[in-house]
Amino acid sequence: TGAFQYTSPLLNSAAASLAMTSIDLHLHIVAKMYLAVAQCQGIDGVNTTDSPAMSWDSAVACTVGSAEGEIEGSVLYDLAEEMCANFQSCNEDGKSQVNVKLIEEFLNGQNKLAGNQCEEAKNSAQLIESYIQAILVDTLAYHAQYASSEKRHCTMANVATNALVPLIQPVCDTCAKKLSADFGEQNNASGNCAVDDINAVYQALKQYVEGAGIDCSLLASKVCDGTVGIDFPAGMQTSYDLNPEEDETTVESERHFILNREYEPISDVKKISVLSSVLGNICNAADGSTAGEIYSNDESIGMSLKSMSLAGKRSMVDELLFNQFVYALHDDVDLSDGSLQFDERPATDYANTITSDALETNIPLGCESAKILNVWMWIAHKLNEAVQECKATEKTENYRPLDEAAALWESGLLFEMAEQLGPKFGHGNIDGMIYLNRMIVDRLVAGRDIISKNNNMCSEQDTLDLRIITRETISYMTAVLIQGMIDAVFGSSSEERTKERAELFGFAVLPRIIACGHERMYGVLYDDLVVDGYTKKMNTDIMNFLHNYLNCLGLKCDDIGRHSAADASNFMCADDLDIASYSPVNATRTNMAAKIDLDVVAIHQMMSIERYSIALSIYTDGLNYYDYDSSDYNFVSLQDLTNSQTI
């Protein structure tokens, strides 16, 4: 309805991202800064759960995010970088000038709080407020230029106006009314805004900037000139094509153990152990036709490996991870029904498409594909299913999904894969298994114990604990894939084998990276590994790329290790928890807060492929920001950040 009545899913997702950044996060940042000041001053009645330094760090985290300017518009820091590029006004280092000042003042405020100089810290908070307002002014100024002729910019201008008008109104009421009139509603037929004089819009913004005491030199736009005053070079992209068309538990009397006899399933999952034989038969098949027949039709475990992929469109339709793979890998849209395509087949069937194609010409590659694409995602599905059943209001005996996940990790030969890869990366055994398997198995056991206690009547805390365990398990499962990708580059027997395996692991790993929001880098690596094909000169870039996104994936350098074949040209991985040169008091906790930008990314991605229920769940329940120190909130959502109690 309103401004979004005539817009496409892609445009709605972009608008929602801007709203979360310019309104939800903006208000939370300001509240956290002044909470830090009030805590410093010792004002009665102020929440003293955190120290002033921790409250201040939280403001920094939500301003800068985890990607430090690499994700388009997901936090205010990113938005400033985007605007300086749009207006061609970045400094000589290619950075936004207002971001430079933001970090300087955050550091200044941190020092003032440490010295108990509360009034000086308050001054820093006020300066930072004005810097944020400068970013919002630039955002509206940019979209306003095209709002009368392009639907996308009108919609984004509408969001920016809603973020700014409450700030503008006390300073210049006539300016607020002017902007609301121009950008408050879209033309029903065209979806454009009724802007008759763009210079008058700039004049209104100029009056606000001057009245609010915002430093004109920090603006990326020419608002303080009172006119648009920018000439875009030929070929510069100022708009985007957003065509909507693209747009029974059976308790066994005989005990059964798996995973080095450390995991005892509660349900009967013995049948799943046959999967290792099915995979072995595929890998050792005499020809591609035989391998394909086993892959498609052997239902010894109750379903075929092919079915694991094809069932995704039904059983995983509301699961974020599966849909992120679909989002990442789709390369076309079926204009007859708007469905996403991958290699001229449904993108939801991506694993089957890749594995089936590989088996036709390269049985070892197809065998490996079935493990790291079909089985791996089905395990993730079972972990997510366990969480959903745990939090269901109508309780069932929710033993089987987690038991199946554990059994599949072993019988799908991924446990074996991790055991083989670990020593190549300097990992040793911990109590009988390699490091990554130890991390995974310990969490599977902990999850089973949560589910099995009290006859599976999960409390709210049980559900939260299981969510954390599931996220961490999938992170370590991803680490095994990353090791496999690196080993494909360094450890394959021939140049052609290296190229094929690098491409395959690209399909398995790169969609996990796109969840970090770095779609440009995803595109570069996808072209290198899949479209153009791997060459040895890519090694350094691949290693650096993977290392840069470990924190986003919930991993550290030691979780991956260093391949024994890596040489001096492959830089050592180093964990860096600073935020854009700002060193938090508690780096681990502050980095967790900074990952709120990844929630914005995920919401945008899910809205753009019309998975609205997933997007809403992320907004209300949270995804990436887990507050280990708060028993009240645990997962902190964007919606929580608008709640005065959270603030």
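Higher on the page you've got the structure.
Below, the structure is looked at part by part. (Residues numbered from 1 in each chain as written. Predicted model: local features only at pLDDT ≥ 70, side-chain atom pairs only at ≥ 80, totals over all residues. Heavy atoms only, no water.)

Turning to the overall build of the chain, a few remarks are in order. Assigned secondary structure in the chain consists of 27 helices and five strands. Counting the 647 residues in the chain, one finds 56% classified as buried. For the chain, the computed accessible surface area is about 26,200 Å², with 46% contributed by carbon and sulfur atoms. (Helix = DSSP H or I, 4+ residues; strand = E, 2+ residues; numbered from the N terminus. Buried < 20%, exposed > 50% of the residue type's maximum accessible area, 1.4 Å probe, protein only. Areas by Shrake-Rupley, 256 points an atom, 1.4 Å probe, with all protein chains shown as cover.)

Turning our eyes to something else, we now look at the state of the cysteines. The term disulfide refers to a covalent linkage connecting the sulfur atoms of a pair of cysteines. By the definition in use, this model includes nine disulfides. Shown here is the disulfide that connects cysteine 40 with cysteine 118, its sulfur atoms set 2.0 Å apart. Its S-S torsion of about -80 degrees marks the bond between cysteine 40 and cysteine 118 as left-handed, since a negative value means left-handed. Of the two residues, cysteine 40 sits in helix 1 (residues 9–41) while cysteine 118 sits in helix 5 (residues 118–144), which places them 78 residues apart along the sequence. Note on accessibility: cysteine 40 and cysteine 118 belong to one class, buried. One disulfide bridge connects cysteine 557 with cysteine 573, the sulfur atoms lying 1.9 Å from each other. Residues cysteine 557 and cysteine 573 are joined through a disulfide that is left-handed, its torsion about the S-S bond being -70 degrees. Remark: cysteine 573 occurs in the loop between helix 23 (557–560) and helix 24 (587–594) and cysteine 557 occurs in helix 23; sequence separation between them is 16 residues. Here cysteine 557 falls in the buried class, since its relative accessible area comes to 8%. (Disulfide = S-S within 2.5 Å.)

Okay, helix 9 (residues 275–283) next. Listed in full, the buried residues belonging to helix 9 are Leu275, Val278, Leu279 and Ile282. Projected down its long axis, helix 9 shows its buried positions confined to an angular sector of 95 degrees, all on one face. Among the structural elements, helix 10 (288–297), helix 11 (305–310), helix 14 (350–361), helix 15 (363–390) and helix 16 (400–411) are those in contact with the buried residues of helix 9. (Arc of directions from axis to C-beta. Contact = heavy atoms within 4.5 Å.)

Let us look at empty space enclosed by the protein. Looking at the largest cavity, its volume works out to about 60 Å³. What lines the largest cavity is simply Met308, Ser309, Gly312, Met316, Phe322, Thr348, Tyr350, Ala351, Leu373, Asn374 and Met377. Breaking the lining of the largest cavity down by element, the ones donating at least two residues are helix 11, helix 14 and helix 15. (1 Å grid on protein atoms, 1.4 Å probe; cavity = no way out; pocket = protein on both sides within 12 Å on 5 of 7 lines; lining within 4 Å. Points joined across faces, edges and corners; volume = space filled by probe spheres on them.)

The next subject is the packing of aromatic side chains. In total, this model carries twelve aromatic pairs according to the counting rule given. On the numbers, 6.3 Å between centres and 35 degrees between planes, the contact of phenylalanine 322 with tyrosine 350 is tilted. With a gap of 28 residues between them, phenylalanine 322 in helix 13 (residues 320–329) and tyrosine 350 in helix 14 connect regions that are remote in the sequence. Comparing phenylalanine 322 with tyrosine 350 shows no difference in burial state: the two are buried. Taking 6.2 Å as the distance between ring centres and 65 degrees as the angle between the ring planes, the aromatic pair formed by phenylalanine 507 and tyrosine 526 counts as edge-to-face. In this pair, phenylalanine 507 sits in helix 20 (residues 495–514) while tyrosine 526 sits in helix 21 (residues 519–533), placing the two residues 19 residues apart along the sequence. You can call phenylalanine 507 buried: its relative accessible area is 7%. The structure contains a cluster of three or more aromatic residues connected by ring pairs, namely Phe322, Phe325, Tyr350 and Trp376. A cation over a ring is seen here: arginine 448 above tyrosine 263, with NZ or CZ 5.2 Å from the ring centre. One cation-aromatic arrangement involves arginine 467 over phenylalanine 635; the distance from NZ or CZ to the ring centre is 3.7 Å. (Phe/Tyr/Trp six-rings, centres within 6.5 Å; stacked < 30°, edge-to-face > 60°. Lys NZ or Arg CZ within 6 Å of the ring centre and 35° of its normal.)

Moving on: the packing of helix 20 against helix 21. Remark: helix 20 packs on helix 21, axes separated minimally by 9 Å, with the N-to-C direction vectors making an angle of 160 degrees. Here helix 20 lies roughly antiparallel to helix 21, going by the angle between them. For the crossing formed where helix 20 meets helix 21, the hand is left-handed. Taking contact as the criterion, the partners of Lys499, Ala502, Glu503, Gly506, Phe507, Leu510, Pro511 and Ile514 in helix 20 are, on helix 21, Glu519, Tyr522, Leu525, Tyr526, Leu529, Val530, Asp532 and Gly533. Grouping the constituent residues of the contact of helix 20 with helix 21 by class yields ten nonpolar, two polar and four charged. (Axes fitted to C-alpha atoms, helices over the stretch in contact; angles between N-to-C directions. Parallel < 35°, antiparallel > 145°, perpendicular 65-115°, else oblique. Left-handed = near helix turned anticlockwise from the far one by under 90°. Nonpolar A, V, L, I, M, F, W, Y, C, P; charged D, E, K, R; others polar.)

What follows covers the sheet that holds strand 2 (residues 340–342). The pairing of strands in a sheet happens through backbone hydrogen bonds and is either parallel or antiparallel. Spatially, 1-2-3 is the arrangement adopted by the three strands of the open sheet, whose pairing is antiparallel. Two strands close off the open sheet at either side, each with one partner strand: strand 1 (332–333) and strand 3 (345–346). Across two bridges, strand 2 lies against strand 3 in antiparallel orientation. Each residue of the ladder has a partner; that of phenylalanine 342, found in strand 3, is arginine 345. (Pairing = 2+ DSSP bridges.)

With that settled, the discussion passes to the side chain of glutamine 341. If you trace the backbone, glutamine 341 turns up in strand 2. What makes glutamine 341 buried here is its relative accessible area of 12%. Of the polar contacts made by the side chain of glutamine 341, one reaches the side chain of serine 339; its length is 3.4 Å. Not counting residues up to four positions away in its chain, the partners in contact with glutamine 341 are His330, Asp331, Asp332, Val333, Asp334, Pro346 and Ala347. (Polar contact = N/O pair within 3.5 Å; in protein donor to acceptor, adjacent residues only side chain to side chain.)

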